[in-house]
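As a plain string of letters, each chain reads:
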Amino acid sequence: MKIAIVTETFLPSVDGVVTRLRHAVERFTDLGHEVMVIAPDLGVTEHHGARVVGIKPVTLPFYKHRRFTLPNPTVDGIIRGFHPDVVHAAQPILLASSGAYAAHRQRIPLVASYHTHIPRYLDLYRAYRWGKRPVWWQIKRNHALADINIATSETMKAELAEKGIENLHVVRRGVDTQTFHPRFASTAMRERLTQGHPEKKLLVFVGRLAAEKEIHRLRPMMERRDDVALAIVGDGPYRRELEQHFAGTSTLFPGFMGGEELASAFASADAFVFPSVTETLGLVILEGMASGLPVVAARSGPTMEQVTDGVNGLIFDSGDEASLDAALTRLGDGELRGRIREAARAEAEKFSWENASDDLLRYYEMAIEQHG
């Protein structure tokens, strides 16, 4: 197949969408498909045999940490010149919406995928709550163009269906179980992340430091408990505010990590903490599991699809401090923690990026068939 992927974000950016698309591109080219990616121009022109076409990005006032590309008419000509068998618009809201409309105009089969729950995020950015209704209107209009729509969790699929989006399917999650592995545990990393107190329970958070991650909700726990050290790994628009918010607590902000350093940060902790209830999936949960970590996660639909309380992780209710304390107390039970670690790793081993990417290929083929 000739596959055109139009996305709001790609390499060298790092997030769940980029991780999924990067692995998909690698799988597709390995299988002999011809792939072109149209993305914000951040200097990357090729990835694993796929051509990457960059379109000039801008900085948006409400999210200055990352540059996005607005809808752009040149996408139509780029797709026309490539003449793909299928177009995949990943999160069609800005640049990717141009891909959706180009496919529609040129009568090319279209797959649209929903990754970031923007309307829910707007609830957390008070100044932009007015935008929720027009954003839903735009989402519904763009996804209505697609032959196949993809969600990343059953919960998100149900919510999109409620909004009237049709032809919905779920793509499996994936994780690199060799990159993330318990063998990367290190006493030196634990010493570093606990700031010299390795006897404390080490909780690690990994991700983009933005309001929608709800990391600030962990502050009361850090004030209450002197048996816990927290490492907040990553960078983002909210970092400075978070550093001020957690000042005076046993919380470390080591910044962005990648590769073996990140794998070691995961594997050296006692648990991965995930306070967000707005994620459409949270691939990072699976990275924690692959590292052999119990995931201590706030209750939400997408999270409950990955974490079974007391089996491969521990669930608490967001905003309920007693519930979080109870989860941390259970984490102190060595026998339970050992069982959860084993079950978490076993769960992660069920998921590969090859299988997740093959799901996408099947949906591309389905879109071609349905398009006629």
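Model, not experiment: these values are computed from the prediction.

1. Things to note about the overall build of the protein chain
In step 1: In terms of regular secondary structure, the protein chain is built from 15 helices and 16 strands.
In step 2: For 372 residues, the compact-globule formula gives about 21 Å, and the C-alpha radius of gyration of the protein chain, at 21 Å, lands near that figure.
In step 3: Looking at the protein chain as a whole, 57% of its 372 residues qualify as buried.
In step 4: Considering only intrachain contacts with a sequence separation of at least 6, the fraction spanning at least 24 residues in the protein chain is 67%.

2. Regarding the sheet that holds strand β16 (residues 313-316)
In step 1: Within the open sheet, the 6 strands sit side by side as β13-β12-β11-β14-β15-β16. Their pairing is parallel. Across the chains shown, the open sheet's two edge strands, defined by having one partner strand only, are β13 (251-255) and β16. Taking the axes of each pair of neighbouring strands and ignoring which way they run, one obtains an average angle of 25 degrees across the sheet.
In step 2: Sheet analysis places strand β15 (residues 295-298) next to β16, joined by 4 bridges and oriented parallel. Looking at the pairing, A298 lines up with F316 of β16.
In step 3: Taken strand by strand, helix α13 (residues 321-331) contacts β11 (201-206), β12 (228-233), β14 (271-274), β15 and β16, and its axis lies near 160 degrees from that of β16.

3. With respect to the UniProt feature "domain: Glycosyl transferase family" (unreviewed entry) in the protein chain
In step 1: Annotation from UniProt places "domain: Glycosyl transferase family" (unreviewed entry) at residues 198-345.
In step 2: Split by type, residues 198-345 is 39% helix and 20% strand. Its first and last C-alpha atoms lie 23 Å apart.

4. A look at the pairing of strand β9 (residues 148-151)
In step 1: A two-sided burial pattern is seen for β9, the buried positions comprising I148 and I150 on one face and N149 and A151 on the other.
In step 2: As judged from the 4 bridges shared by strand β8 (residues 110-114) and β9, these two strands associate in the parallel manner. Note on β9: the bridge partner recorded for V111 is I148.
In step 3: Note: β9 against strand β10 (residues 168-170), 3 bridges, orientation parallel. Each bridged residue has a counterpart across the sheet, and for N149 the counterpart in β10 is L168.

5. Here we look at the pattern of salt bridges
In step 1: All told, the structure shown has 25 salt bridges when counted by the stated rule.
In step 2: A salt bridge links E279 to K213; the nearest nitrogen and oxygen atoms lie 2.7 Å apart. Pair noted here: E279 is in the loop between β14 and α11 (283-290) and K213 is in the loop between β11 and α8 (219-224), with a separation of 66 residues, a long-range link.
In step 3: For E279, a relative accessible area of 13% translates into the label buried.
In step 4: Here K213 falls in the buried class, since its relative accessible area comes to 11%.
In step 5: The partner of R345 in a salt bridge is E349, and the shortest N-O contact between them spans 3.0 Å.

6. Side note on the sheet that holds strand β1 (residues 2-7)
In step 1: Ordered in space as β3-β4-β2-β1-β7-β8-β9-β10, the 8 strands form an open sheet in which the pairing is mixed. The open sheet is flanked by β3 (46-47) and β10, the only strands paired with a single partner.
In step 2: As paired strands, β3 and strand β4 (residues 50-55) are joined by 2 bridges and run antiparallel to one another. Note that in β4 the partner of H47 across the bridge is A50.
In step 3: In this fold helix α2 (residues 74-82) packs onto β1, β2 (34-40), β4 and β7 (86-90), with an angle of close to 170 degrees to the strand it touches most, β2.

7. A word on the environment of T280
In step 1: Mapping T280 onto the fold places it in the loop between β14 and α11.
In step 2: Once the C-alpha coordinates of T280 and D325 are considered, the two residues, 45 residues apart in sequence, prove to be 25 Å apart.
In step 3: Excluding residues that lie within four positions of it along the chain, T280 makes contacts with Y114, H115, T116, H117, T152, S153, M156 and P302.

8. Description of the packing of aromatic side chains
In step 1: Taken as a whole and assessed by the stated rule, the structure comprises 6 aromatic pairs.
In step 2: Taking 5.6 Å as the distance between ring centres and 65 degrees as the angle between the ring planes, the aromatic pair formed by F28 and Y364 counts as edge-to-face. Linking F28 in helix α1 (residues 16-30) with Y364 in helix α15 (residues 353-371), this pair joins segments that are 336 residues apart in sequence. The same class applies to F28 and to Y364, which are both buried.

9. A word on unusual backbone geometry
In step 1: Following L11, the chain continues into P12 via a peptide bond in cis, with omega recorded as 10 degrees.
In step 2: Positive phi values are uncommon outside glycine, yet N167 reaches one of about 55 degrees.
In step 3: Positionally, N167 belongs in the loop between α6 (154-162) and β10.
In step 4: Notably, Q195 is not glycine yet its phi reads approximately 55 degrees, a positive angle.
In step 5: If you trace the backbone, Q195 turns up in the loop between α7 (187-193) and β11.
In step 6: Taking the relative accessible area as the measure of exposure, Q195 reaches 43% and is therefore partly exposed.

So, how was this worked out
Residues numbered from 1 in each chain as written. Predicted model: local features only at pLDDT ≥ 70, side-chain atom pairs only at ≥ 80, totals over all residues. Heavy atoms only, no water. Helix = DSSP H or I, 4+ residues; strand = E, 2+ residues; numbered from the N terminus. Rg over C-alpha atoms; globule rule 2.2 N^0.38 Å. Buried < 20%, exposed > 50% of the residue type's maximum accessible area, 1.4 Å probe, protein only. Contact = heavy atoms within 4.5 Å. Pairing = 2+ DSSP bridges. Axes fitted to C-alpha atoms, helices over the stretch in contact; angles between N-to-C directions. UniProt positions renumbered as here; feature names shortened; annotations may be inferred. Salt bridge = Lys/Arg side-chain N within 4 Å of Asp/Glu carboxyl O. Phe/Tyr/Trp six-rings, centres within 6.5 Å; stacked < 30°, edge-to-face > 60°.

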